[in-house]
2 protein chains.
Amino acid sequence: MSGRNDIDALIDLMARLPGLGPRSARRAVLHLIRKRALLLTPLSDLMQTVAATARECLNCGNVGTGDICEICSNDARANGLLCVVEDVADLWAMERSGTFKGRYHVLGGTLSALDSIGPDELRIPKLIDRVTSEEITEVILALNATVDGQTTAHYIADQLEGRVALSSLAQGVPIGGELDYLDDGTISAALTARKRL
Amino acid sequence: MSGRNDIDALIDLMARLPGLGPRSARRAVLHLIRKRALLLTPLSDLMQTVAATARECLNCGNVGTGDICEICSNDARANGLLCVVEDVADLWAMERSGTFKGRYHVLGGTLSALDSIGPDELRIPKLIDRVTSEEITEVILALNATVDGQTTAHYIADQLEGRVALSSLAQGVPIGGELDYLDDGTISAALTARKRL
Ligand SMILES: [Zn+2]
Ligand SMILES: [Zn+2]
């Protein structure tokens, strides 16, 4: 029974990934077994490598392979702009847009009274340090447009007011967005921030 | 850049799993990096073990660790009943229902004129061998209630007619329903009320 137990254990672990439930974990594991050489073995090897090398940047919270990530180590990105995001997935999304050439600060979540997450549970003290030590001229608060995200943005803005220029991402209709698919809040914000043509 | 490339490569491989797209693969990889000791390392180790040991049973097509799977090796399950399923996920679904005590035969798909999958692309010749060599008294055709599933069931019924009793799962399997989507109770009830063909 040991072999079957390994497969079951693998299914259980896979089911703990975000976006996979028990059923999709079973499908994924069968797929992996069928594609042993093409997928299962390379995946296992890469996971081992990433487990051995990946770590959080001590400066910004991004994921990289050294104590300091590539973006923080890249002098060309020390342009005075610091973009504050909630998590690494948001940093990656910003990087894919290819528009931002400054540095990031990953908070690691949002303030939440309900989950008793205060400033010290996030990377907020480190953010305040960086604003002075790295000669930051503008902090862009790119937090999610959720209640917790906006509460966190306001808290940070209060802490940094008068010490640095502050901005946030413009709110509006996404490119290619259809009004009928947008929530009321987005439409309302886009209307309030409407531009004269 | 090599480290970041490993993380990107891991995301690309994860995105090739059924049920995960690029976005959920990125979320999964970030989750894995955060839960390195609890999830990433054990997952990598288990994948390595499964890659080294898992194989298809030469007799029935089930996934196990030897040339012959546990069910085929278990004499207590040689009760003359042989349940034919499309794939291993369906076999697992049948086993979870806990009702069936015989053996299985995994076809590996369904006949499909469109995809030019004929009997020899599936485990149909092997099925016909087993009916005689394993003293099978009844073949239960537990194929999905899809057009291809039922076409395949009819083809197999034609081949085995007069050589063995044939049955199929009772109505209760919804039209267009796939076994792996059903709850255990439905499978159980359909099996108990199976009809002779
Ligand atoms: Zn960094
Ligand atoms: Zn077997």
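Criteria and thresholds
Residues numbered from 1 in each chain as written. Chains lettered and ligands numbered in written order. Predicted model: local features only at pLDDT ≥ 70, side-chain atom pairs only at ≥ 80, totals over all residues. Heavy atoms only, no water. UniProt positions renumbered as here; feature names shortened; annotations may be inferred. Helix = DSSP H or I, 4+ residues; strand = E, 2+ residues; numbered from the N terminus. Domains from an automatic or database assignment. Donors = N, O, S within 2.8 Å, 3.2 Å for Na, K, Ca; no water. Tetrahedral: all angles 85-135°; square planar, octahedral: opposite > 155°, others 65-115°. Buried < 20%, exposed > 50% of the residue type's maximum accessible area, 1.4 Å probe, protein only. Pairing = 2+ DSSP bridges.

- The name given to chain A in an unreviewed UniProt entry is Recombination protein RecR, and the organism recorded there is Thalassococcus halodurans.
- According to its UniProt record, chain A has this under Sequence similarities (unreviewed entry): "Belongs to the RecR family."

## Concerning the UniProt feature "domain: Toprim" (unreviewed entry) in chain A
- UniProt feature "domain: Toprim" (unreviewed entry): in the numbering of this structure it lies at residues 80-174 of chain A.
- Taken end to end, residues 80-174 of chain A is 36% helix and 18% strand, and its two terminal C-alpha atoms sit 27 Å from one another.

## Quick look at the domain arrangement of chain A
- On domain assignment, one finds that chain A holds domain 1 (2-53) and domain 2 (63-196).
- Placing the centre of domain 1 of chain A and that of domain 2 of chain A at their C-alpha centroids yields a distance of 34 Å.

## Looking at the coordination of the zinc ion (ligand 2)
All names here are of chain B.
- At this site the zinc ion (ligand 2) is bound by C57 (SG), C60 (SG), C69 (SG) and C72 (SG), with donor distances of 2.3 Å.
- What the four donor atoms of the zinc ion (ligand 2) show is an angle range of 104 to 115 degrees at the metal, which sorts the shape as tetrahedral.
- Summarised as a motif, the one-chain spacing of the donors to the zinc ion (ligand 2) is C-x2-C-x8-C-x2-C. For the pair formed by C57 and C60, the shared burial category is buried.

## Regarding the pairing of strand β5 (residues 138-141) of chain A
- As defined by bridge partners, strand β3 (residues 81-85) of chain A adjoins β5 of chain A across four bridges and the pair is classed as parallel. Following the sheet pairing, C83 of chain A is matched in β5 of chain A by I140 of chain A.

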